[in-house]
Amino acid sequence: MKSENNKQESDSENGKGPSVDFIRAMVADDIKTDRWGGKVITRFPPEPNGYLHIGHGKAICLSFGIAAENRGGRCHLRYDDTNPVKEEERYADSIQEDIRWLGWDWGESLFYASDYFEKMYEYAVILVKKGLAYVCDLTFEEFSEYRGTLTTPGKESPSRTRSVEENLDLFRRMREGEFEDGSHVLRAKIDMKSPNLNMRDPVMYRIIHADHFRTGSKWCIYPTYDWAHGLEDSIEGVTHSICTLEFENHRPLYDWYLDKLAIHHPQQIEFARLELTYTVMSKRKLLQLVEDGHVNGWDDPRMSTICGMRRRGYSPGSIRTFCRRIGVNKFNSTIDIALLEHCLREDLNKSSRRVMAVLRPLKVVIDNFPESEVEWMDAVNNPGDPDAGTRKVPFSKVLYIEQDDFMEDPPRKFFRLSPGREVRLRYAYFITCTEVVKDEHGQIVELHCTYDPATHGGNAPDGRKVKSTLHWVSADQAKSAEIRLYEHLFTQERPEDVADGSDYTSNLNPNSLKVLTGCMVEPSLGKAEPGDRFQFERLGYFCVDPDGKDEKLVFNRTVTLRDTWAKVQKSQTR
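Residues numbered from 1 in each chain as written. Predicted model: local features only at pLDDT ≥ 70, side-chain atom pairs only at ≥ 80, totals over all residues. Heavy atoms only, no water.

Turning to the overall build of the chain, a few remarks are in order. When you go through the chain residue by residue, the secondary structure sums to 13 helices and 25 strands. Each of the three principal axes of the chain carries a C-alpha extent, and together these read 100 × 55 × 50 Å. Every one of the 574 residues in the chain was classed for burial, and the buried ones make up 53%. By sequence separation, contacts in the chain at least 24 residues apart represent 71% of the contacts at least 6 residues apart. (Helix = DSSP H or I, 4+ residues; strand = E, 2+ residues; numbered from the N terminus. Buried < 20%, exposed > 50% of the residue type's maximum accessible area, 1.4 Å probe, protein only. Contact = heavy atoms within 4.5 Å.)

The strand order across the open sheet formed by seven strands is β10-β23-β24-β25-β21-β22-β11, and the pairing between neighbours is mixed. Of all the strands in the sheet, the pair left with one neighbour each is β10 (353-355) and β11 (357-358). As paired strands, strand β21 (residues 479-486) and strand β25 (residues 553-559) are joined by four bridges and run parallel to one another. The partner of isoleucine 483 across the bridge, within β25, is phenylalanine 555. Helix α12 (residues 337-351) rests against β10, β23 (533-536), β24 (540-544) and β25 of the sheet, and its axis sits at about 125 degrees to β25. (Pairing = 2+ DSSP bridges. Axes fitted to C-alpha atoms, helices over the stretch in contact; angles between N-to-C directions.)

Of all the positions in helix α9 (residues 283-291), only Lys285, Leu286, Leu289 and Val290 are classed as buried. Viewed end-on, α9 has its buried residues packed into an arc of 145 degrees, placing them on one side of the element. Every exposed residue of α9 that faces more than 90 degrees away from the buried side is listed here: Arg284 and Glu291. Measuring from the backbone nitrogen of arginine 284 back to the side-chain oxygen at the start of α9 gives 3.2 Å, which picks out serine 282 as the cap. (Arc of directions from axis to C-beta. Polar contact = N/O pair within 3.5 Å; in protein donor to acceptor, adjacent residues only side chain to side chain.)

Attention now goes to the nonpolar core. Ile99, Leu276 and Phe322 are the most contacted members of the largest nonpolar core, which totals 50 residues. Broken down by element, this core gets its largest block of residues, eight residues, from helix α2 (residues 54-69). Ignoring anything within four residues of it in the chain, the contact list for phenylalanine 322 reads Leu274, Leu276, Ile335, Leu339, Leu340 and Cys343. Among the nonpolar cores identified, the runner-up in size contains 37 residues, and Tyr123, Ile207, Trp219 and Tyr257 belong to it. (Core = buried A, V, L, I, M, F, W, Y, C linked by side-chain atoms within 4.5 Å.)

Moving on, we come to the side chain of aspartate 405. Within the element layout of this structure, aspartate 405 appears in the loop between β15 (398-402) and β16 (422-425). Overall, the relative accessible area of 2% leaves aspartate 405 in the buried class. A distance of 2.8 Å separates the side chain of aspartate 405 from the side chain of arginine 538, its partner in a polar contact.

Before going further, it helps to spend a moment on the environment of serine 351. Mapped onto the elements of the fold, serine 351 is located in helix α12. Taking the C-alpha atoms as reference points, serine 351 and serine 372, separated by 21 residues in sequence, lie 36 Å from one another. There is a polar contact of 3.0 Å between the side chain of serine 351 and the backbone oxygen of aspartate 347.

We now examine the confidence of the model for the chain. Of the residues in the chain, 96% have a pLDDT of 70 or more, and the chain-wide mean is 94. Note on residues 3-16: pLDDT is under 50 here. Beyond four places in sequence and across chains, it has 21 contacts. (pLDDT = per-residue confidence, 0-100.)

What follows covers the side chain of threonine 305. Summarising the element assignment, threonine 305 is placed in the loop between α9 and α10 (306-312). According to the relative accessible area criterion, threonine 305 is buried, its value standing at 0%. Separated by 2.6 Å, the side chain of threonine 305 and the backbone oxygen of tryptophan 298 make a polar contact. Apart from the residues within four sequence positions on either side, threonine 305 is in contact with Tyr51, Leu52, His53, Leu286, Trp298 and Asp299.

How two aromatic rings sit relative to each other is given by the distance of their centres and the angle of their planes. For the coordinates displayed, the defined rule picks out 21 aromatic pairs. By way of ring pairs, the aromatic residues Phe117, Tyr121, Phe171, Tyr205, Trp219 and Tyr222 are connected into one cluster. One cation-aromatic arrangement involves lysine 119 over tyrosine 123; the distance from NZ or CZ to the ring centre is 5.1 Å. Its guanidinium or amino end placed over the ring of tyrosine 146, lysine 155 lies 4.6 Å from that ring's centre, counting from NZ or CZ. (Phe/Tyr/Trp six-rings, centres within 6.5 Å; stacked < 30°, edge-to-face > 60°. Lys NZ or Arg CZ within 6 Å of the ring centre and 35° of its normal.)

Two elements in contact, helix α11 (residues 316-326) and α12, have axes whose closest approach is 8 Å; the angle formed by their N-to-C orientations is 135 degrees. Judged on the interaxial angle alone, α12 and α11 are oblique. Every pair of crossing elements has a handedness; the one defined by α11 and α12 is right-handed. Only Leu339, Leu340, His342, Cys343, Leu344, Glu346 and Asp347 of α12 make contact with α11, whose side of the interface consists of Gly317, Ser318, Thr321, Phe322, Arg325 and Ile326. (Parallel < 35°, antiparallel > 145°, perpendicular 65-115°, else oblique. Left-handed = near helix turned anticlockwise from the far one by under 90°.)

Given below as structure tokens:
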């Protein structure tokens, strides 16, 4: 279901409703044939061993979205907490925060695999009694050797012929903690010659003497994902178990377990995972980026994690729109990140308040403006949203403009400020540069200008035109800020494409972060809170970073104003 703060939002924004992909078509057909009694119950089953990324965002929007689109549907949030060595409560908490931020809510349907450990054990005993599972004591090296390869069949373990009674006794003793880690496993007895390696007597339980963040030291045997996955779905009454394509070869095992136990059997459906250019999605690689100091934590704004994107300034609506537009496929492909940024700009353009900020200040003195006077100008908050209203911005004798907006000896097509040229200051007046002041090194440090009082608001009563409009801030009232300019974390579209002997980190972008200090922003931003998003006029979209404290303002550049998606589409159709 959608969370309360997004209940009124329609997924048919701009007339673009959820596409009828193959999974939605399957769900619709099941409803039509009353396969599940009209029920639609999906689930999102993350492991609480790391932070969610944009790939998870696609899975979240798909599973929660399908549930929300069907009357009475629900999506469970269920943690696959079956590995106590890697899982922590802080990860579980962050997952809930991310899902809620994206606009979804699981209601009362919050579950953990560990809720079912006792029931899973009972099911395992049933298979042992049926002669369909056995305790195996091959070493790790022997296990790999006996398993075989894609081209050679496996060999049966000597443990495979143990009696039911012996297996029951060993499995009980495994649970009671009698054996060391790795000394025994419980395996399903299926087919060691199967062309599908997942069916070659897969492991169901392994011994791990480690405290679990929920169950403590109660258990020392833990179910594998393949054994737990189907049981969790079955116990919860899930109808459509949606997962990514790498689990397609696991589906025969999912089906085998449920069929042999003769219990509720959901439909597992696979879809292609999300791959983005200039991005890595592997949880292992994301962890390496953090641990090796390539980024500043999981929520670094350059990361593909949901918390990193939130900190950078992404809006939940932009991510939902992106996930809807890319659709759901059965084949792997890579999406150009330009589409994600296009969806982001679309959303921020509608919702962000316009403000003025100067990143590289150049001092401007208006010689004919009264020394101590401050005039407050009306500025539009969002030209696309009349309800956003206006605000007041101060205008005074000393201002700041961007260094790039002035050239002493401009080329022919440079229309911004230069000696003798008149330009418009946004919401204020026309000004003309009359003098350039330089330091001992010949660097321009100050401009002197005059203003035309008759052009109040930025229009000349005599109808004369200017070719450029500049943003600016008043020096006395402006707030100092640190601005962090972010670029793609990698220089290559596919970071994993590297020469022999290198890895993906060789494609890290050394210019992915540039920090500017001494920037000046309009005074209205002094009350901005972490997470607030703005469009800095002519510069891009920016978000307040939580590092800002007291009088220190810190902004992250979320995305530039330049949209490259149309250019990408054009190149793809050639």
